[in-house]
Amino acid sequence: MKIPSSRLNANLANSLNERISAELKFIDGQSFFRKSIGLGLAGLGVGLAVAASFVGYSYLADSRTTSDKIAAAISKSLSQVELHGQAVGDVDIHPSEVRLAPDQKIALSPDSRLKLDPSAKVRAEGSMRIQLPTISTTPAQSSPKTVPKAHPITNYTIFKSVPFQSGTVSTGWRFLTSTQKDPTSQYCYFTERNDDSGVAFKIDLGDDGLMTKDKVPAKFDIVAAFERCVWFRKGV
């Protein structure tokens, strides 16, 4: 078919040629881009392979011996180890005396109870005055004589001590007045004095005939010591 030559047909032919030329250039550009990506990936793979070979060669060519590597690993492990322990034992304080600072005072609680060691000695300083009886020469009168009334002794304790092992078992009978026949309360304890330091070691054994439930040293036989307590028996 023969198309007549005209200006409109010429413009249409030029437009088609330009469109075909642009499509061809676009296809060529895509092909070049894909080829570039392929070459880049291939180069990356080659680079990684070369790097891996160098790393392997560095391990093979390492001048350090196996023993040095093991020693370094052990040293690092030991540096991260944490040790935990607990100390068990007795603590002795020397000297056993406690000194107070100048003008320092110590106050005792009103409901506290002080105990005196049975082997302790009490020294009283002062003078004692004794009034001797006198003989009267005047004749006796028929009026009845008045006998002075003795005042009862209040708040006192009677101790009974029995030796036990290297110390003493002491039992205290506490009376409120001297008119009582039976003690108000009783208590028993064990004492042992250290000859080197002079400090007395004390363990409470019981009260009113009942053995204490407090903890005592493991080597101390509290049952045998409690049997040496001298408890007050009523009616005896």
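Further up the page is the structure itself.
It should be emphasised that the depicted structure is a prediction, and the values quoted were computed from it without experimental measurement.

(A) Representation of the overall build of the protein chain. Helix and strand counts for the protein chain come out as three helices and five strands. For the protein chain, the succession of helices and strands along the chain, N to C, is α-α-β-β-β-β-β-α. Each of the 236 residues in the protein chain was classed as buried or not, and the buried ones make up 12%. Look at the contacts in the protein chain between residues 6 or more apart in sequence, and 36% of them connect residues 24 or more apart. Of the accessible surface of the protein chain, which amounts to about 21700 Å², a share of 58% is contributed by carbon and sulfur atoms.

(B) Layout of a nonpolar patch on the surface. A cluster of nonpolar residues, Phe33, Ile37, Leu41, Leu44 and Leu48, forms a patch on the protein surface that exposes about 540 Å² of accessible area. Relative to the assigned elements, Leu41 resides in helix α1 (residues 7-60). Relative accessible area serves as the criterion here: at 58%, Leu41 is assigned to the exposed category.

(C) Structural detail: the pairing of strand β2 (residues 167-177). By the criterion of burial, β2 is predominantly enclosed, with eight of the eleven residues buried. Here ten bridges tie strand β1 (residues 154-164) to β2, and the two strands are oriented antiparallel to one another. Each bridged residue has a counterpart across the sheet, and for Thr157 the counterpart in β2 is Arg174. Joining the antiparallel neighbours β1 and β2 is a turn of two residues, in which Gln165 adopts a positive phi near 55°. When β2 meets strand β3 (residues 185-193), the two strands line up antiparallel, connected through seven bridges.

Calculation criteria
Residues numbered from 1 in each chain as written. Predicted model: local features only at pLDDT ≥ 70, side-chain atom pairs only at ≥ 80, totals over all residues. Heavy atoms only, no water. Helix = DSSP H or I, 4+ residues; strand = E, 2+ residues; numbered from the N terminus. Buried < 20%, exposed > 50% of the residue type's maximum accessible area, 1.4 Å probe, protein only. Contact = heavy atoms within 4.5 Å. Areas by Shrake-Rupley, 256 points an atom, 1.4 Å probe, with all protein chains shown as cover. Patch = residues over 30% accessible without salt bridge, like charges linked within 9 Å, V, L, I, M, F, W, Y side chains within 5 Å. Salt bridge = Lys/Arg side-chain N within 4 Å of Asp/Glu carboxyl O. Pairing = 2+ DSSP bridges.

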